[in-house]
Amino acid sequence: GGEVAAGDLLLRIDPAMAQSTRDRVAADLQAAEAELRDADRSLVFAQDDLAAARAQAELREQALTRARDLEQRGVGTAAAVATAELAASSAPAAVLTRRQALANAEARDDQAITRLSRAQINLADAERALEDTEVWAEFDGILSDVSVAPGGRVTANERFATLLDPAQLEVS
């Protein structure tokens, strides 16, 4: 067998499939990051929309109060009060609709966070698989029982050689 030093490359498996998988998973991660950014923006818009609907409801309630006050003083009309009542009565429905939109935006944001976490895990797995296409000597030693040749095929968990540490050998 041949002598090898710690850190020497012992075996390289064709990395094309592992590299392709890693690249695809990296693209999936970019897509998950973009989805999260979009979901975050939608969440902010939904929060702003709800705040605007609540402010609008408050303004409609104030307009109703003003219309009633004017009617009591004889300056306003019953028609103005009815119009203000109608506008004020629709405001809670608008707020409820905006609250539902906010809940949907929050759920979308949560899903985007989950997708991003999964994509990060998948990328770490793909990078590990790519790293596993190369086997390096962990210590100085002598290769023994080499069972592969350049261009040959190996299977998972197949022993392709034994790395012996000459300092640990006993001669009898």
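Rules and cut-offs
By convention here, each chain's residues receive numbers from 1 onward along its written sequence. For this predicted model, a pLDDT threshold of at least 70 governs which residues receive local features, and a threshold of 80 or more governs which side-chain atom pairs are given and counted, while totals over whole chains, interfaces and linings are taken from all residues. Only hydrogens and water are removed before side-chain values are computed, so all heavy atoms of the structure are retained for them. Strands are runs of DSSP state E lasting at least two residues, helices are runs of H or I lasting at least four, and both sets are numbered from the N terminus onward. Computation of the radius of gyration draws on C-alpha atoms, with the globule rule given as 2.2 Å multiplied by the number of residues to the power 0.38. Three exposure classes are used, based on accessible area relative to the maximum for each residue type with a 1.4 Å probe and protein chains only: buried under 20%, partly exposed in between, and exposed over 50%. Whether two residues are in contact is decided by their heavy atoms, any of which lying within 4.5 Å being enough. The pairing criterion for strands is at least two bridges between them, as found by DSSP.

1. A word on the overall build of the protein chain
Consideration 1: Scanning the protein chain for helices and strands turns up two helices and five strands.
Consideration 2: By the compact-globule yardstick of 16 Å for 172 residues, the protein chain is too spread out, its C-alpha radius of gyration being 35 Å.
Consideration 3: In terms of overall dimensions, the protein chain has a C-alpha envelope of 120 × 30 × 20 Å along the principal axes.
Consideration 4: A buried classification covers 22% of the 172 residues belonging to the protein chain.

2. Focus on the environment of Ser144
Consideration 1: Note that Ser144 resides in strand β4 (residues 141-144).
Consideration 2: Exposure remark for Ser144: the relative accessible area of 19% places this residue in the buried category.
Consideration 3: It is 107 Å that separates the C-alpha atoms of Ser144 and Arg73, two residues lying 71 residues apart in sequence.
Consideration 4: Each residue touching Ser144, except ones within four places of it in the same chain, is listed here: Ala161, Thr162 and Leu164.

3. Observations concerning the sheet that holds strand β1 (residues 3-4)
Consideration 1: Across the sheet, three strands lie side by side as β1-β4-β5; this open sheet has antiparallel pairing. Because the sheet does not close on itself, it has two edges, and the strands there are β1 and β5 (162-164).
Consideration 2: Relative to β5, β4 is paired through three bridges, and the arrangement is antiparallel. By the bridge assignment, Ser144 is partnered in β5 with Thr162.

4. Quick notes on the environment of Arg115
Consideration 1: Along the polypeptide, Arg115 turns up in helix α2 (residues 78-131).
Consideration 2: Residue classification places Arg115 among the partly exposed residues on the basis of a relative accessible area of 38%.
Consideration 3: Once the C-alpha coordinates of Arg115 and Asn104 are considered, the two residues, eleven residues apart in sequence, prove to be 16 Å apart.
Consideration 4: Once residues lying within four places of it in the same chain are set aside, the contact partners of Arg115 are Ala32 and Glu35.

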